[in-house]
Amino acid sequence: MLKPRSVVHRLPSYHPPLGGRQGLRLDFNENTVGCSPRVLERVRNMGLEELARYPEREPVEAIVAQHFGVKPQELLLTNGVDEAIHLICQTYLEGDDEVLLVVPTFAMYEIFASATGARIRKIPAGKKFSFPTEAVMHNLTPRTRLIALANPNNPTGASVSMDDILLLARSAPDAAILIDEAYYEFHGETALRRWSDCPNLFVARTFSKAYGLAGLRAGLLMGGAIAMEAVRKVASPYSVNAVALACLPEALSDRDYVEGYVREVCAGRPRLQEELDRLGIPFWPSRANFVLLYMGAANSAFIRGMRERGILVRDRSRDPGCEGCVRITLGSREQTNQLLAALRDVVAGLRNPRQEVHP
Ligand SMILES: Cc1ncc(COP(=O)(O)O)c(C=O)c1O
């Protein structure tokens, strides 16, 4: 009888709740207004030839590399950051290796790393979900082969300082250090090019968030040329499709679009945080395009109430240390107005003593 490898057999299934997402999508940290019109125009103009041919990644990689100020050998276009994480795991992990993850964090690190058979050591985040640098250092062993961290982190919005990142990279020279900068545009600090001092350092970026192209599946893995040469060996030459390749130069060329969107999102962040303060709802200050807040036992009622007002938010209760937590993505100015109005309304309803609130 055909059986999956035992590590795969033990893996839990991961099914993000993508069904029934009608309404204002503040649940998946996507761009909430859509991509640059230049990208749509390019899709409309695609010809038969472009779809009939196998996609050629390298010419677009050269354009993207120039945009990010790295050499083409230092960059690989991927099918989203998800594929970048998968490739790092495939390149660097073996069965008896160890992976350090600070939790809560993005789910795919554990899934892809576990599937290699490597052992996952989970380290709880520090106070207020801060990055526990000392604890991570303490857990380094000669077998540590991967430390993956999102900066800023999902779902907490917390960031790690560049000094701490470099300290880790220098302290674990035999481990790949993957800095997932999926939310870079909302944060503004990067480990890009630091691989000149730390050849074990990798940076991942995505077009799924600020650029509004989650459906295209396009991301980037960047690192030193030698390290990237190894990663390239396990990558499919065609994992980034022709539509994505056609669109990426357009997406990058429309800087005004992305900058305008990021500006609106970042302006919404303090507005949401101030409103939460005013309503007495605890939250964790965020450097990303979302905020994690604590609703406690009223969590489900809150999420339901928001949905009834046409706004989707994400329950993060099952993440380690996040019981009773909800994550809300920020969008345009108008969407933030809509969010704040619904938030006040739903919270007022929850506090109505005549209304029963069940967790
Ligand atoms: C930290 C982090 N990394 C990566 C991703 C996924 O990126 P992509 O759509 O490029 O695969 C997400 C999506 O939520 C994320 O939060």
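This text follows the structure it describes.
Computed from a predicted structure; not experimentally measured.

Participant: Explain the pattern of salt bridges residue by residue, including any values.
Facilitator: Applying the stated rule across the entire model yields 19 salt bridges. One salt bridge connects Glu61 with Arg57, and the closest N-O pair in it is separated by 3.0 Å. By relative accessible area, Glu61 is classed as buried at 3%. Taking the relative accessible area as the measure of exposure, Arg57 reaches 6% and is therefore buried. The salt bridge partner of Arg316 is Asp319, with a shortest N-O separation of 3.1 Å. Within the structure, one salt-bridge network assembled from shared partners comprises Arg21, Arg25, Asp27 and Glu30.

Participant: Residue-level account of the packing of aromatic side chains, with values.
Facilitator: Under the definition given, this model contains 6 aromatic pairs. Between Tyr54 and Tyr238, the aromatic rings sit 4.4 Å apart at their centres with planes inclined by 25 degrees, giving stacked as the arrangement. A residue pair is termed long-range when its members are at least 10 positions apart, and Tyr54 in the loop between α3 (48–52) and α4 (58–68) and Tyr238 in the loop between α9 (225–233) and α10 (242–253) qualify at 184 residues. Residues Tyr183 and Phe290 carry aromatic rings whose centres are separated by 5.1 Å and whose planes lie at 80 degrees to one another, so their mutual orientation is edge-to-face. With Tyr183 in the loop between β6 (176–180) and β7 (201–206) and Phe290 in strand β10 (residues 290–294), this pair connects stretches of sequence that are 107 residues apart. Judged by relative accessible area, Tyr183 falls into the buried class, the value being 4%. The positively charged end of Arg205 is found above the aromatic ring belonging to Tyr184, 3.7 Å away from the centroid.

Quick notes on the rules
Residues numbered from 1 in each chain as written. Predicted model: local features only at pLDDT ≥ 70, side-chain atom pairs only at ≥ 80, totals over all residues. Heavy atoms only, no water. Salt bridge = Lys/Arg side-chain N within 4 Å of Asp/Glu carboxyl O. Buried < 20%, exposed > 50% of the residue type's maximum accessible area, 1.4 Å probe, protein only. Phe/Tyr/Trp six-rings, centres within 6.5 Å; stacked < 30°, edge-to-face > 60°. Helix = DSSP H or I, 4+ residues; strand = E, 2+ residues; numbered from the N terminus. Lys NZ or Arg CZ within 6 Å of the ring centre and 35° of its normal.

In short, geometric facts, not functional conclusions.
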